[in-house]
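An overview of the molecular structure
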Amino acid sequence: MRISIVLSTHATQFSALAFQQDWAHNVGDMAALGYDAVELAIRDPNLLDQRTVTEVLSRYGLPLVAIGTGQAYSEEGLSFTHPDGVIRRRALQRIKDQITFAAPHSAIIIIGLIRGRTQPGVQRAQAWAWMRETLSACANDAARHGVRLVVEAINRYETDLVCTAAEGLTLLDELSADNVGLLLDTFHMNIEEASIYDSIRQAGKRLFHFHVADSNRWYPGAGHTDFPGILATLREIGYDGYISGEMMPLPDPMTAAREMIRYLRQVGA
Ligand code: LER
Ligand code: MN
(Lines give C-alpha, C1' and ligand atoms only; values in the text may rest on other atoms or scores of the structure.)
(Ligands and ions follow the chains in the order given, each with its own letter.)
Protein backbone atom coordinates (compact mmCIF):
# COMPACT_ATOMS: atom_id res chain seq x y z
CA MET A 1 0.00 0.00 0.00
CA ARG A 2 1.12 3.54 -0.59
CA ILE A 3 2.19 5.39 2.55
CA SER A 4 2.49 9.12 3.14
CA ILE A 5 3.16 11.35 6.13
CA VAL A 6 1.90 14.76 7.26
CA LEU A 7 4.45 17.59 7.28
CA SER A 8 3.58 21.10 8.39
CA THR A 9 4.92 23.90 6.28
CA HIS A 10 5.17 26.10 9.40
CA ALA A 11 5.10 29.08 7.10
CA THR A 12 4.13 31.45 9.89
CA GLN A 13 6.80 30.37 12.33
CA PHE A 14 9.96 30.50 10.23
CA SER A 15 11.53 33.01 7.91
CA ALA A 16 10.96 32.19 4.25
CA LEU A 17 14.47 30.87 3.78
CA ALA A 18 14.56 28.80 6.93
CA PHE A 19 11.15 27.43 6.11
CA GLN A 20 12.12 26.42 2.61
CA GLN A 21 15.32 24.73 3.70
CA ASP A 22 13.64 23.07 6.65
CA TRP A 23 10.71 21.88 4.61
CA ALA A 24 12.84 20.64 1.71
CA HIS A 25 15.03 18.82 4.21
CA ASN A 26 11.99 17.09 5.75
CA VAL A 27 10.72 15.96 2.35
CA GLY A 28 14.19 14.57 1.58
CA ASP A 29 14.25 12.68 4.88
CA MET A 30 10.85 11.14 4.18
CA ALA A 31 11.94 10.04 0.70
CA ALA A 32 15.03 8.43 2.24
CA LEU A 33 12.86 6.55 4.76
CA GLY A 34 10.84 5.07 1.89
CA TYR A 35 7.65 7.13 2.03
CA ASP A 36 5.68 7.25 -1.23
CA ALA A 37 4.21 10.75 -0.83
CA VAL A 38 3.73 13.66 1.56
CA GLU A 39 0.66 15.40 2.92
CA LEU A 40 1.12 19.06 3.81
CA ALA A 41 -0.61 20.99 6.58
CA ILE A 42 -0.92 24.51 5.14
CA ARG A 43 -2.49 27.41 7.02
CA ASP A 44 -2.60 29.72 4.00
CA PRO A 45 -1.30 28.66 0.57
CA ASN A 46 -0.82 32.32 -0.38
CA LEU A 47 2.21 32.27 1.93
CA LEU A 48 3.87 29.59 -0.19
CA ASP A 49 5.60 29.77 -3.52
CA GLN A 50 4.01 27.17 -5.78
CA ARG A 51 7.14 26.80 -7.92
CA THR A 52 9.32 26.09 -4.87
CA VAL A 53 6.88 23.49 -3.59
CA THR A 54 6.74 21.78 -6.99
CA GLU A 55 10.52 21.88 -7.31
CA VAL A 56 11.11 20.36 -3.86
CA LEU A 57 8.57 17.58 -4.44
CA SER A 58 9.98 16.67 -7.84
CA ARG A 59 13.57 16.81 -6.52
CA TYR A 60 12.71 13.95 -4.16
CA GLY A 61 10.12 12.28 -6.41
CA LEU A 62 7.31 12.49 -3.86
CA PRO A 63 3.80 13.55 -4.90
CA LEU A 64 1.66 15.85 -2.76
CA VAL A 65 -1.24 13.57 -1.87
CA ALA A 66 -3.35 15.81 0.37
CA ILE A 67 -3.50 19.21 2.07
CA GLY A 68 -4.64 19.66 5.68
CA THR A 69 -6.39 22.98 6.28
CA GLY A 70 -7.12 23.00 10.02
CA GLN A 71 -4.50 25.59 10.98
CA ALA A 72 -6.75 28.29 9.47
CA TYR A 73 -9.25 27.38 12.20
CA SER A 74 -6.91 26.86 15.13
CA GLU A 75 -4.63 29.83 14.39
CA GLU A 76 -6.98 32.28 12.67
CA GLY A 77 -10.46 31.20 13.78
CA LEU A 78 -11.78 30.71 10.23
CA SER A 79 -14.76 28.38 10.28
CA PHE A 80 -17.65 27.18 8.08
CA THR A 81 -20.00 27.47 11.07
CA HIS A 82 -19.07 30.77 12.71
CA PRO A 83 -22.19 32.86 13.42
CA ASP A 84 -20.52 35.79 11.62
CA GLY A 85 -21.11 35.41 7.88
CA VAL A 86 -17.94 37.38 7.11
CA ILE A 87 -15.86 34.72 8.85
CA ARG A 88 -17.73 31.93 7.05
CA ARG A 89 -17.00 33.63 3.73
CA ARG A 90 -13.32 34.02 4.62
CA ALA A 91 -13.19 30.30 5.44
CA LEU A 92 -14.76 29.53 2.05
CA GLN A 93 -12.25 31.78 0.29
CA ARG A 94 -9.37 30.06 2.10
CA ILE A 95 -10.53 26.66 0.86
CA LYS A 96 -10.90 28.09 -2.67
CA ASP A 97 -7.27 29.25 -2.41
CA GLN A 98 -6.28 25.75 -1.26
CA ILE A 99 -8.13 24.28 -4.26
CA THR A 100 -6.22 26.51 -6.68
CA PHE A 101 -2.97 25.50 -4.98
CA ALA A 102 -3.86 21.77 -4.95
CA ALA A 103 -5.05 21.50 -8.55
CA PRO A 104 -1.64 21.11 -10.31
CA HIS A 105 -0.76 18.33 -7.83
CA SER A 106 -4.17 16.59 -7.93
CA ALA A 107 -3.97 16.78 -4.13
CA ILE A 108 -7.03 16.10 -1.99
CA ILE A 109 -8.21 18.99 0.24
CA ILE A 110 -9.09 17.98 3.78
CA ILE A 111 -12.13 19.55 5.43
CA GLY A 112 -11.26 18.87 9.04
CA LEU A 113 -11.44 21.42 11.84
CA ILE A 114 -12.16 24.30 9.46
CA ARG A 115 -15.83 23.28 9.60
CA GLY A 116 -15.74 24.48 13.22
CA ARG A 117 -18.16 23.40 15.92
CA THR A 118 -21.60 24.54 17.10
CA GLN A 119 -21.09 27.89 18.85
CA PRO A 120 -22.91 28.96 22.04
CA GLY A 121 -26.32 30.41 21.15
CA VAL A 122 -26.45 28.60 17.79
CA GLN A 123 -28.71 25.60 17.13
CA ARG A 124 -26.78 22.54 15.95
CA ALA A 125 -29.15 22.24 12.96
CA GLN A 126 -28.16 25.78 11.96
CA ALA A 127 -24.45 24.98 12.32
CA TRP A 128 -24.96 21.82 10.24
CA ALA A 129 -26.77 23.85 7.53
CA TRP A 130 -23.93 26.42 7.41
CA MET A 131 -21.40 23.59 7.18
CA ARG A 132 -23.31 21.93 4.32
CA GLU A 133 -23.82 25.24 2.50
CA THR A 134 -20.13 26.22 2.67
CA LEU A 135 -18.97 22.72 1.81
CA SER A 136 -21.31 22.66 -1.18
CA ALA A 137 -19.77 25.92 -2.47
CA CYS A 138 -16.30 24.38 -1.96
CA ALA A 139 -17.37 21.22 -3.82
CA ASN A 140 -18.59 23.23 -6.83
CA ASP A 141 -15.35 25.19 -6.97
CA ALA A 142 -13.27 22.02 -6.55
CA ALA A 143 -15.20 20.28 -9.34
CA ARG A 144 -14.33 23.14 -11.71
CA HIS A 145 -10.65 22.55 -10.88
CA GLY A 146 -10.85 18.74 -10.99
CA VAL A 147 -10.01 18.59 -7.26
CA ARG A 148 -11.39 16.17 -4.67
CA LEU A 149 -12.35 17.08 -1.09
CA VAL A 150 -12.67 14.89 1.97
CA VAL A 151 -14.67 15.43 5.14
CA GLU A 152 -12.78 14.07 8.12
CA ALA A 153 -14.66 12.41 10.99
CA ILE A 154 -13.10 14.00 14.11
CA ASN A 155 -13.61 13.01 17.73
CA ARG A 156 -16.07 14.73 20.08
CA TYR A 157 -13.41 16.64 22.02
CA GLU A 158 -12.52 18.66 18.91
CA THR A 159 -15.92 19.11 17.20
CA ASP A 160 -19.57 18.12 17.45
CA LEU A 161 -20.11 18.20 13.67
CA VAL A 162 -19.27 14.85 12.00
CA CYS A 163 -17.59 12.75 14.67
CA THR A 164 -18.30 9.36 13.08
CA ALA A 165 -18.13 7.75 9.66
CA ALA A 166 -21.94 7.43 9.68
CA GLU A 167 -22.38 11.17 10.25
CA GLY A 168 -19.88 11.87 7.49
CA LEU A 169 -21.81 9.63 5.11
CA THR A 170 -25.05 11.45 6.01
CA LEU A 171 -23.40 14.75 5.10
CA LEU A 172 -22.12 13.28 1.81
CA ASP A 173 -25.64 12.02 1.01
CA GLU A 174 -27.02 15.53 1.61
CA LEU A 175 -24.39 17.01 -0.70
CA SER A 176 -24.40 14.38 -3.44
CA ALA A 177 -21.18 15.65 -5.01
CA ASP A 178 -18.99 12.93 -6.59
CA ASN A 179 -15.79 14.82 -5.79
CA VAL A 180 -16.40 14.82 -2.02
CA GLY A 181 -15.51 11.75 0.02
CA LEU A 182 -14.59 10.71 3.52
CA LEU A 183 -11.36 10.77 5.50
CA LEU A 184 -11.17 8.35 8.38
CA ASP A 185 -8.45 8.65 11.01
CA THR A 186 -7.65 5.67 13.25
CA PHE A 187 -7.06 7.94 16.26
CA HIS A 188 -10.58 9.42 16.05
CA MET A 189 -12.12 6.07 15.10
CA ASN A 190 -10.67 4.46 18.22
CA ILE A 191 -12.68 7.00 20.27
CA GLU A 192 -15.90 7.22 18.26
CA GLU A 193 -16.63 4.12 16.19
CA ALA A 194 -18.44 1.06 17.54
CA SER A 195 -16.42 -1.02 15.05
CA ILE A 196 -13.52 0.42 13.10
CA TYR A 197 -13.85 -2.41 10.54
CA ASP A 198 -17.60 -1.96 9.93
CA SER A 199 -17.16 1.81 9.57
CA ILE A 200 -14.46 1.30 6.93
CA ARG A 201 -16.80 -1.13 5.13
CA GLN A 202 -19.69 1.38 5.30
CA ALA A 203 -17.48 4.10 3.82
CA GLY A 204 -16.46 1.74 0.99
CA LYS A 205 -15.67 3.58 -2.23
CA ARG A 206 -16.45 6.92 -0.56
CA LEU A 207 -13.27 6.55 1.51
CA PHE A 208 -10.81 8.78 -0.38
CA HIS A 209 -8.08 9.22 2.25
CA PHE A 210 -6.95 7.55 5.49
CA HIS A 211 -5.01 8.91 8.48
CA VAL A 212 -3.12 6.63 10.83
CA ALA A 213 -1.85 7.07 14.36
CA ASP A 214 -1.95 4.56 17.18
CA SER A 215 -4.50 4.65 20.03
CA ASN A 216 -2.29 7.08 22.00
CA ARG A 217 -1.62 9.15 18.84
CA TRP A 218 1.96 7.99 18.73
CA TYR A 219 3.26 6.27 15.58
CA PRO A 220 1.50 3.04 14.50
CA GLY A 221 2.96 0.21 16.55
CA ALA A 222 3.28 2.29 19.73
CA GLY A 223 -0.23 1.63 21.06
CA HIS A 224 -2.98 -1.00 20.95
CA THR A 225 -4.72 -0.31 17.62
CA ASP A 226 -5.16 -3.43 15.46
CA PHE A 227 -3.37 -2.31 12.29
CA PRO A 228 -3.21 -5.78 10.70
CA GLY A 229 -7.03 -5.97 10.93
CA ILE A 230 -7.46 -2.42 9.64
CA LEU A 231 -5.15 -3.02 6.67
CA ALA A 232 -7.03 -6.23 5.86
CA THR A 233 -10.33 -4.31 5.89
CA LEU A 234 -8.93 -1.59 3.64
CA ARG A 235 -7.86 -4.31 1.19
CA GLU A 236 -11.29 -5.92 1.44
CA ILE A 237 -13.03 -2.70 0.28
CA GLY A 238 -10.46 -2.21 -2.51
CA TYR A 239 -9.11 1.00 -0.97
CA ASP A 240 -6.67 2.55 -3.43
CA GLY A 241 -5.79 5.80 -1.65
CA TYR A 242 -2.86 6.55 0.64
CA ILE A 243 -2.32 5.65 4.27
CA SER A 244 -1.08 8.90 5.75
CA GLY A 245 0.67 9.15 9.11
CA GLU A 246 -0.60 11.96 11.31
CA MET A 247 0.87 11.37 14.71
CA MET A 248 2.67 13.17 17.50
CA PRO A 249 6.38 13.67 16.75
CA LEU A 250 7.41 11.52 19.73
CA PRO A 251 9.87 10.59 21.04
CA ASP A 252 11.25 12.77 18.20
CA PRO A 253 10.02 13.38 14.63
CA MET A 254 12.56 11.15 12.85
CA THR A 255 12.04 8.20 15.19
CA ALA A 256 8.25 8.49 14.81
CA ALA A 257 8.53 8.62 11.00
CA ARG A 258 11.03 5.74 10.86
CA GLU A 259 9.08 3.51 13.25
CA MET A 260 5.77 4.16 11.50
CA ILE A 261 6.89 2.97 8.07
CA ARG A 262 8.94 0.10 9.51
CA TYR A 263 5.96 -1.20 11.48
CA LEU A 264 3.36 -0.75 8.72
CA ARG A 265 5.57 -2.56 6.20
CA GLN A 266 6.18 -5.31 8.77
CA VAL A 267 2.44 -5.88 9.22
CA GLY A 268 1.89 -6.03 5.47
CA ALA A 269 1.09 -2.52 4.24
C1 LER B 1 -6.73 16.51 11.44
O2 LER B 1 -6.49 15.59 10.41
C3 LER B 1 -7.08 15.83 12.69
O4 LER B 1 -7.08 14.62 12.77
C5 LER B 1 -7.46 16.65 13.84
O6 LER B 1 -7.39 15.91 15.03
C7 LER B 1 -6.60 17.88 13.95
O8 LER B 1 -6.79 18.47 15.20
MN1 MN C 1 -6.59 13.35 11.00
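Parameters at a glance
- Residues numbered from 1 in each chain as written.
- Chains lettered and ligands numbered in written order.
- Predicted model: local features only at pLDDT ≥ 70, side-chain atom pairs only at ≥ 80, totals over all residues.
- Heavy atoms only, no water.
- 1 Å grid on protein atoms, 1.4 Å probe; cavity = no way out; pocket = protein on both sides within 12 Å on 5 of 7 lines; lining within 4 Å.
- Points joined across faces, edges and corners; volume = space filled by probe spheres on them.
- Helix = DSSP H or I, 4+ residues; strand = E, 2+ residues; numbered from the N terminus.
- Nonpolar A, V, L, I, M, F, W, Y, C, P; charged D, E, K, R; others polar.
- Axes fitted to C-alpha atoms, helices over the stretch in contact; angles between N-to-C directions.
- Parallel < 35°, antiparallel > 145°, perpendicular 65-115°, else oblique.
- Left-handed = near helix turned anticlockwise from the far one by under 90°.
- Contact = heavy atoms within 4.5 Å.
- Donors = N, O, S within 2.8 Å, 3.2 Å for Na, K, Ca; no water.
- Buried < 20%, exposed > 50% of the residue type's maximum accessible area, 1.4 Å probe, protein only.
- Core = buried A, V, L, I, M, F, W, Y, C linked by side-chain atoms within 4.5 Å.
- Pairing = 2+ DSSP bridges.

**Overview of the layout of surface pockets**
By volume, the largest pocket amounts to about 930 Å³. Contributing to the lining of the largest pocket are 37 residues, with Val6, Ser8, Ala41, Glu246 and Met247 lying nearest its centre. For the lining of the largest pocket, the secondary structure elements donating two or more residues are β1 (3-8), α1 (16-33), β2 (37-41), α3 (71-74) and α10 (253-266). For the lining of the largest pocket, the per-class residue count stands at 17 nonpolar, 13 polar and seven charged.

**Side note on the packing of helix α4 (residues 85-102) against helix α5 (residues 124-144)**
Between α4 and α5, the least distance of the axes is 10 Å, while the angle of their chain directions is 25°. As far as their axial angle goes, α5 and α4 are roughly parallel. Relative to α5, the crossing made by α4 is right-handed. On α5, the residues touching Arg88, Leu92, Ile95, Lys96 and Ile99 of α4 are Trp130, Thr134, Ala137, Cys138, Asp141 and Ala142. Classifying every residue of the contact of α4 with α5 gives seven nonpolar, one polar and three charged.

**Structural notes on the coordination of the manganese ion (ligand 2)**
Protein ligation of the manganese ion (ligand 2) involves Glu152 (OE), Asp185 (OD), His211 (ND1) and Glu246 (OE), the donor distances falling in the range 2.1 to 2.3 Å. Sequence spacing of the donor residues for the manganese ion (ligand 2), all on one chain, is E-x32-D-x25-H-x34-E. A residue pair is termed long-range when its members are at least 10 positions apart, and Asp185 in strand β6 (residues 180-185) and His211 in strand β7 (residues 207-212) qualify at 26 residues. For the pair formed by Asp185 and His211, the shared burial category is buried.

**Remarks on the nonpolar core**
Within the largest apolar cluster, 79 residues are counted, with the highest numbers of intra-cluster contacts made by Leu184, Ile200 and Phe210. Among the elements that line this core, the one with the most residues is α5, at eight residues. Setting aside its immediate chain neighbours within four residues, Leu184 contacts Ala153, Ala165, Met189, Ser199, Ile200, Ala203, Leu207, His209, Phe210 and His211. Of all hydrophobic cores here, the second largest spans nine residues; its members include Val150, Leu183, Phe208 and Tyr242.

**Some points on the sheet that holds strand β5 (residues 149-152)**
Sheets are built from strands that pair by backbone hydrogen bonding, the pairs being arranged parallel or antiparallel. Taken in spatial order, the eight strands of this closed barrel run β1-β2-β3-β4-β5-β6-β7-β8, and their pairing is parallel. For this sheet, the mean inter-axis angle between neighbouring strands, taken without regard to orientation, is 30°. Sheet topology places β1 next to strand β8 (residues 243-245); three bridges connect them, and they run parallel. What sits directly across from Ser4, in β8, is Ser244. Across the face of the sheet, helix α9 (residues 227-236) comes into contact with β7 and β8 while running at roughly 170° to β7.

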